[in-house]
Amino acid sequence: MGGQRFDNAIITEPGWYESVGYSINEHYKSLTVTVGLDDYSVAHPVTVAFKSGEDGEKTLKTATAQINRPVRVTVDLTVAILQIEAGQLEDNVATVALGDPVLHSS
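Okay, so let's go over this structure. Note that the structure is a prediction, hence the values are computed from the model and not measured.

Of the regular secondary structure elements, the chain holds zero helices and eight strands. Walking the chain from its N terminus toward its C terminus, one meets helices and strands in the order β-β-β-β-β-β-β-β. Put simply, of all contacts in the chain between residues at least 6 apart along the chain, 80% involve residues at least 24 apart. Carbon and sulfur atoms form 46% of the exposed surface of the chain, whose accessible area is close to 6400 Å².

Rendered as structure tokens:
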């Protein structure tokens, strides 16, 4: 993303996998992650939402994934289930990347 290499990254194309859930069982206080678009993606911005609960009832934080503009995001957590959703306009298939995600317990 933005010419930077991320050895640990989650990459997806909205439309294929629009959301993913993780059971973190209230063991973590925060998540830090770099949000952006893969350098070889089409340049359509994508909204990435970090939500709590199995059905994503509460939005914890949102970020916009853009080409060549990765952003570092910190999400405060005390949730059992973390949902990460990527949404964009129909037919604008961009490749979203979440680089170097780290869960913090303190």
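The next subject is the sheet that holds strand E6 (residues 71–76). Within a sheet, each strand pairs with its neighbour through backbone hydrogen bonds, oriented either parallel or antiparallel. If you walk across this open sheet you meet the four strands as E1-E8-E3-E6, and the pairing is antiparallel. For this open sheet the edge positions go to strand E1 (9–12) and E6, each flanked by a neighbour on one side alone. Adjacent strand axes in the sheet meet at a mean angle of 25° when their direction is disregarded. Inspection of the sheet shows E1 paired to strand E8 (residues 96–104) by four bridges, in the antiparallel sense. Counterpart to Thr-12 in the pairing with E8 is Val-96.

Another point: the sheet that holds strand E7 (residues 81–87). Strand order in this open sheet of four strands is E2-E7-E4-E5, and the pairing throughout is antiparallel. The strands lining the two open edges of the sheet, one partner per strand, are strand E2 (19–23) and strand E5 (58–65). If you compare each strand with its neighbour and ignore which way they point, the axes differ by 15° on average. For E2 and E7, the ladder comprises five bridges, and the chain directions are antiparallel.

What follows deals with the nonpolar core. In summary, soluble globular proteins display a tendency toward joint burial of nonpolar side chains. In terms of nonpolar packing, the biggest core is built from 21 residues, with Val-35, Val-48, Phe-50 and Leu-82 touching the most fellow members. Counting residues per element, the ones that place at least two in this core are strand E3 (30–37), strand E4 (46–52), E5, E6, E7 and E8. Sorting elements by how many residues they give to this core places E3 first, with four residues. In contact with Leu-82, other than residues within four places in its own chain, are Val-20, Gly-21, Tyr-22, Ile-24, Leu-31, Phe-50, Lys-51, Leu-60 and Leu-77.

This part covers a nonpolar patch on the surface. Together, Ile-10, Val-20 and Tyr-22 make up a nonpolar patch on the protein surface, roughly 210 Å² of accessible area in all. Mapping Tyr-22 onto the fold places it in strand E2. Tyr-22 gets classed as partly exposed once you look at its relative accessible area, which sits at 32%.

This next bit is on the pairing of E7. With six bridges connecting them, E4 and E7 associate as antiparallel partners. Counted as the bridge partner of Lys-51 is Gln-83 from E7.

The subject of this paragraph is the environment of Ile-81. Mapped onto the secondary structure, Ile-81 falls in strand E7. Classification of Ile-81 as partly exposed rests on a relative accessible area of 24%. Taking C-alpha positions, Ile-81 is 5.0 Å from Gly-53, a pair spaced 28 residues apart along the chain. Those residues within four positions of Ile-81 in sequence are excluded, and the remaining contacts are Tyr-22, Lys-51, Ser-52, Gly-53 and Glu-54.

Calculation criteria
Residues numbered from 1 in each chain as written. Predicted model: local features only at pLDDT ≥ 70, side-chain atom pairs only at ≥ 80, totals over all residues. Heavy atoms only, no water. Helix = DSSP H or I, 4+ residues; strand = E, 2+ residues; numbered from the N terminus. Contact = heavy atoms within 4.5 Å. Areas by Shrake-Rupley, 256 points an atom, 1.4 Å probe, with all protein chains shown as cover. Pairing = 2+ DSSP bridges. Axes fitted to C-alpha atoms, helices over the stretch in contact; angles between N-to-C directions. Core = buried A, V, L, I, M, F, W, Y, C linked by side-chain atoms within 4.5 Å. Buried < 20%, exposed > 50% of the residue type's maximum accessible area, 1.4 Å probe, protein only. Patch = residues over 30% accessible without salt bridge, like charges linked within 9 Å, V, L, I, M, F, W, Y side chains within 5 Å. Salt bridge = Lys/Arg side-chain N within 4 Å of Asp/Glu carboxyl O.

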